[in-house]
Amino acid sequence: MARPVIGITTYVTSAKWSYWDEQAALVPAAYVDAVERAGGRALLVPPSVEGVDETLDALDGAVFSGGSDLDPNLYEQEPHDETVGIHPERDRAELALLQAALARDMPVLAVCRGSQVLNVALGGDLVQHLPDVVGDEKHKHTPGTFADHDVTLENGTRLASLLGDRAPVKSHHHQGFGRVGDGLRVAAHAEDGTVEAVEDPQRRFALGVLWHPEAGEDMRLFEELVREATEYRAGGR
């Protein structure tokens, strides 16, 4: 049986390799490795508001990857001093792609920034700087290093059916969920009460997690994405 094709959204950022220092469309290889280990075939999707339907026609599922902060104007807030690295083109492209994927009921796993895109796409908003709320930076204590902590999964959620009551995770975020988007439900909390995951129970598979499952050894979320993508393909999309 052919492997399902899983799109992974990419950054567009400066990168260096060999003699070159260029703008590049890229994503950490851990995302690609996680999709491939779970049985899918990864396809990188650079940000573009053009050709959304053509892109989705080529995919059986999608991973919305991490990255920099979303533009607060998208959820009608003024920028916080700590909100940085905004890329409006990527924001617009990923919102369009995600909304179109949800309209098709395509399986979606949204990671860190991706989960925030999911929440905003469905009318939610964000807490722009979690330390203002929780009083510390435990969710991103060292830039470039994942913070290890546990999350508690909510009973009766899809996420709990996959991961159990508690799960160790790797985080690297200073923003979080504010108002939860239409149709979404909270699926996990950190010990400080921070919402760590949301999901849409009315859709085939639409999960958003603030942590980075691609960085750990537990492949269950990617395996479930690939399983759902396989069924999506078999059902004629």
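Above this note sits the structure.
Participant: Explain the pairing of strand β9 (residues 166–171) to me, and be specific about the residues and the numbers.
Facilitator: Burial along β9 is one-sided: the residues Ala167, Val169 and Ser171 are buried and none of Arg166, Pro168 and Lys170 is. Of the pairings in the sheet, the one linking strand β8 (residues 147–153) to β9 comprises six bridges and is antiparallel in character. Following the sheet pairing, histidine 149 is matched in β9 by valine 169.

Participant: Describe the sheet that holds β9, listing the residues and the values that go with them.
Facilitator: The mixed open sheet is built from nine strands, whose spatial order is β4-β1-β5-β6-β13-β12-β11-β8-β9. Where the open sheet ends on each side, the last strands, each with one partner, are β4 (41–45) and β9. Sheet twist, expressed as the mean angle between neighbouring strand axes with direction ignored, is 25 degrees. The sheet contacts of helix α4 (residues 113–121) involve β5 (61–64), β6 (108–111), β12 (195–199) and β13 (206–209), and relative to β6 the element is tilted by about 115 degrees.

Participant: Provide a residue-level description of unusual backbone geometry, including the pertinent values.
Facilitator: A positive phi angle, near 50 degrees, is found at serine 18, a position not held by glycine. Note on placement: serine 18 falls in the loop between β2 (11–17) and β3 (20–26). The backbone of aspartate 105 sits at a positive phi, close to 60 degrees, despite the residue not being glycine. Summarising the element assignment, aspartate 105 is placed in the loop between α3 (88–103) and β6.

Participant: How would you summarise the layout of surface pockets if you had to cite specific residues and measurements?
Facilitator: Each pocket or cavity is described by its volume, and for the second largest pocket that value is around 220 Å³. Every residue lining the second largest pocket is counted, 14 residues in all, and those nearest its centre are Pro168, Val169, Trp211, Pro213 and Asp218. Elements with a minimum of two residues in the lining of the second largest pocket: β9 and α7 (220–234). Take the lining of the second largest pocket: its biggest share by element is four residues, from β9. Classifying every residue of the lining of the second largest pocket by side-chain character gives seven nonpolar, two polar and five charged.

Participant: Could you give me a rundown of a nonpolar patch on the surface, with the residues and numbers involved?
Facilitator: Residues Trp17, Tyr19 and Trp20 make up a contiguous nonpolar surface patch of roughly 460 Å² in combined accessible area. Topologically, tryptophan 17 is positioned in strand β2.

Participant: Run through the pattern of salt bridges, naming residues and quoting values.
Facilitator: The full count for this structure, using the stated rule, is 21 salt bridges. Here lysine 170 and aspartate 148 are joined by a salt bridge, their closest N and O atoms 2.8 Å apart. Taken together, the residues lysine 170 in strand β9 and aspartate 148 in strand β8 connect sequence positions 22 residues apart. Look at lysine 170 and you get partly exposed, because its relative accessible area is 26%. Between arginine 166 and glutamate 191 there is a salt bridge, with the nearest N and O atoms lying 3.3 Å from each other.

Rules and cut-offs
Residues numbered from 1 in each chain as written. Predicted model: local features only at pLDDT ≥ 70, side-chain atom pairs only at ≥ 80, totals over all residues. Heavy atoms only, no water. Buried < 20%, exposed > 50% of the residue type's maximum accessible area, 1.4 Å probe, protein only. Helix = DSSP H or I, 4+ residues; strand = E, 2+ residues; numbered from the N terminus. Pairing = 2+ DSSP bridges. Axes fitted to C-alpha atoms, helices over the stretch in contact; angles between N-to-C directions. Contact = heavy atoms within 4.5 Å. 1 Å grid on protein atoms, 1.4 Å probe; cavity = no way out; pocket = protein on both sides within 12 Å on 5 of 7 lines; lining within 4 Å. Points joined across faces, edges and corners; volume = space filled by probe spheres on them. Nonpolar A, V, L, I, M, F, W, Y, C, P; charged D, E, K, R; others polar. Patch = residues over 30% accessible without salt bridge, like charges linked within 9 Å, V, L, I, M, F, W, Y side chains within 5 Å. Areas by Shrake-Rupley, 256 points an atom, 1.4 Å probe, with all protein chains shown as cover. Salt bridge = Lys/Arg side-chain N within 4 Å of Asp/Glu carboxyl O.

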